[in-house]
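The residues making up each chain are set out below.
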Amino acid sequence: MKLGIVGLPNVGKSTLFNAITNAGAQSANYPFCTIEPNVGVVAVPDKRLDKLAEMYDPEKYTPATIEFVDIAGLVKGASKGEGLGNKFLANIREVDAIVHVVRCFENDDIVHVEGSIDPKRDIDTINVELILSDMEVLDRRIDKTMKLIKGDKKYQAELDFFKRVKEALDEGKPARSVECTPEEAELLSTVSLLTNKPIIYAANMSDTDFKDGSADGNPYFAAVKEIAASENAGVLPICAEIEAEISGMEPEEKEMFLSEMGLEQSGLDRLINACYELLGLISYLTAGKPEVRAWTITKGTKAPQAAGKIHTDFERGFIRAEVVAFDDLISCGSMAAAKEKGLVRSEGKEYVMKDGDIVLFRFNV
């Protein structure tokens, strides 16, 4: 999974990226300090995998990973090539989802590119540039569909739908805000629209506002929540400064610090959970002495396709999946004990994988 971190200059974007990836992107109080997109790969924290590692003492421990891309700051006119516009738009096209960092803190020492704090204006600035880019893409698709209608009237419904999306873009609304049937959503996914990408607004606030995990007193955060609700987007309160502070801590020290702040999880953990939920992702696990490993799949994936994540031969020659729920394995203490109690099931090609399934795939090629 590849997530692009975007935002106006000086909103805390690179501070957050540095904190969650320790990748050392330059962070400075001026625009465009991130010229090339910096990339950091982060392990997805999964306590279930830790438990399996205790049980099997494996030679290899492989968590799922997420790739974070810190994309250069954007300014007005990006869709026309202003600033680093073309590079910005190209980088966004390559990611699975967008984390849009929005400034929700006051600080006289950090200049705002627009001179004041206004989350709605900042979100609109970036959305407008993405919408302008999408309009060009959608216009080309509408022209193509109109040509197809001349030979076949079945494309009329497709044209009507694309015109409805175009109307939303004309009104300054992102494509993701358009209500769709499952068939229309599938049709929309065939057009490479930036504003149709899943998005989480990361409301970056001061540590004072963030203490005890209560962000609701921050009026800027309230504004971001309202915008997110109107366009089917996710929203997450976060404090980049806190993340920067804990990024170099040892696990025990980090846990103590978070506890003192009244927080159960770091911002990174909450961000990863929110992204999994937004993208409809779950993890299944494989466990044994050679390796314990987490595999990321989409909710609703059937066993053969899940097996294909490991190797295409597993999918091609799929026979069955031997499955045990994580909680059942842990309560039994071993796979042998789980089998004795009849908790290890043999599942066929129609089995829909569940989050936390521990699986052994049987195949023959």
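Definitions and limits used
Residues numbered from 1 in each chain as written. Predicted model: local features only at pLDDT ≥ 70, side-chain atom pairs only at ≥ 80, totals over all residues. Heavy atoms only, no water. Helix = DSSP H or I, 4+ residues; strand = E, 2+ residues; numbered from the N terminus. Buried < 20%, exposed > 50% of the residue type's maximum accessible area, 1.4 Å probe, protein only. Contact = heavy atoms within 4.5 Å. Areas by Shrake-Rupley, 256 points an atom, 1.4 Å probe, with all protein chains shown as cover. Pairing = 2+ DSSP bridges. Core = buried A, V, L, I, M, F, W, Y, C linked by side-chain atoms within 4.5 Å. Phe/Tyr/Trp six-rings, centres within 6.5 Å; stacked < 30°, edge-to-face > 60°. Lys NZ or Arg CZ within 6 Å of the ring centre and 35° of its normal. Axes fitted to C-alpha atoms, helices over the stretch in contact; angles between N-to-C directions. Parallel < 35°, antiparallel > 145°, perpendicular 65-115°, else oblique. Nonpolar A, V, L, I, M, F, W, Y, C, P; charged D, E, K, R; others polar. Left-handed = near helix turned anticlockwise from the far one by under 90°.

Draft legend 1. Geometry of the overall build of the chain. Helix and strand counts for the chain come out as 15 helices and twelve strands. The burial tally for the chain puts 48% of its 365 residues in the buried class. Across the chain, every contact between residues at least 6 apart in sequence was considered, and the portion connecting residues at least 24 apart equals 68%. Element-wise, carbon and sulfur atoms account for 49% of the exposed surface of the chain, whose accessible area totals about 17,900 Å².

Draft legend 2. Focus on the pairing of strand β4 (residues 65-70). Of the strand pairs in this sheet, strand β1 (residues 2-6) and β4 are connected by four bridges, and their pairing is parallel. Along β4, the bridge assignment pairs G4 with V69.

Draft legend 3. Broad picture of the nonpolar core. Counting 73 residues, the largest nonpolar core has L52, F68, I92, Y201 and L271 as the members making the most contacts within it. With near-sequence residues (within four places) excluded, L271 lies in contact with I20, F68, V99, I200 and L236. I142, L159, L169 and L188 belong to the second largest nonpolar core, which has 18 residues in total.

Draft legend 4. Local environment of the pairing of strand β9 (residues 291-298). As paired elements, strand β3 (residues 60-62) and β9 share three bridges and run parallel to each other. Bridge pairing links Y61 to V292 in β9. Bridge count between strand β8 (residues 281-286) and β9: six bridges; the pairing is antiparallel. Bridge pairing in β9 links Y284 to W295. Linking β8 to β9, which pair antiparallel, is a turn of four residues.

Draft legend 5. Broad picture of the packing of aromatic side chains. In total, this model carries five aromatic pairs according to the counting rule given. For the ring pair Y284 and F361, a centre distance of 5.8 Å and an interplane angle of 90 degrees mean the geometry is edge-to-face. Placement of the pair is Y284 in strand β8 and F361 in strand β12 (residues 357-363), with a sequence separation of 77 residues. According to the relative accessible area criterion, F361 is buried, its value standing at 7%. Through a chain of ring-to-ring contacts, three or more aromatic side chains come together here, namely Y284, W295, F318 and F361. The ring centre of W295 lies 4.0 Å from the NZ or CZ of R293, which sits over that ring.

Draft legend 6. Structural context of the packing of helix α4 (residues 119-151) against helix α8 (residues 219-230). Running from amino to carboxyl end, α4 crosses α8 at an angle of 40 degrees, the nearest separation of the two axes being 9 Å. In terms of axis orientation, α4 runs oblique to α8. Between α4, through P119, K120 and I123, and α8, the contact on the second element is made entirely by Y220, V224 and I227. Its residues assigned to classes, the contact of α4 with α8 comprises five nonpolar, no polar and one charged.

Draft legend 7. Quick peek at the sheet that holds strand β2 (residues 38-43). As summarised here, the arrangement of the six strands in space is β2-β4-β1-β5-β6-β7, forming an open sheet in which the pairing is mixed. The strands lining the two open edges of the sheet, one partner per strand, are β2 and β7 (234-238). Across the sheet, the mean angle from the axis of one strand to that of its neighbour is 25 degrees, orientation sign disregarded. One ladder, built from four bridges, connects β1 with strand β5 (residues 97-103); its direction is parallel. Pairing of I5 across the sheet is with V99, part of β5. Taken strand by strand, helix α1 (residues 13-21) contacts β1, β2, β4, β5 and β7, and its axis lies near 155 degrees from that of β4. Across the face of the sheet, helix α11 (residues 267-279) comes into contact with β1, β2, β4, β5, β6 (199-204) and β7 while running at roughly 180 degrees to β7.

Draft legend 8. Quick look at the packing of α4 against helix α5 (residues 156-170). For the pair α4 and α5, the least separation of the axes is 10 Å and the interaxial angle reads 160 degrees. The pairing of α4 with α5 is recorded here as roughly antiparallel in orientation. Both α4 and α5 take part in a crossing whose hand is left-handed. Of the residues in α5, those in contact with I131, D134, M135, L138, D139, R141, I142, T145, M146 and I149 of α4 are Q156, E158, L159, F162, K163, V165, K166, L169 and D170. Along the lines of polarity and charge, the residues of the contact of α4 with α5 split into ten nonpolar, two polar and seven charged.

Draft legend 9. A look at the side chain of N127. Mapped onto the fold, N127 is located in helix α4. What makes N127 buried here is its relative accessible area of 4%.

Draft legend 10. Seen up close, helix α12 (residues 303-310). Along α12, the positions that sit buried rather than exposed are A303, P304, A306, A307 and G308. On its buried side, α12 packs onto β8, β9, α13 (312-316), β10 (318-325) and β12.

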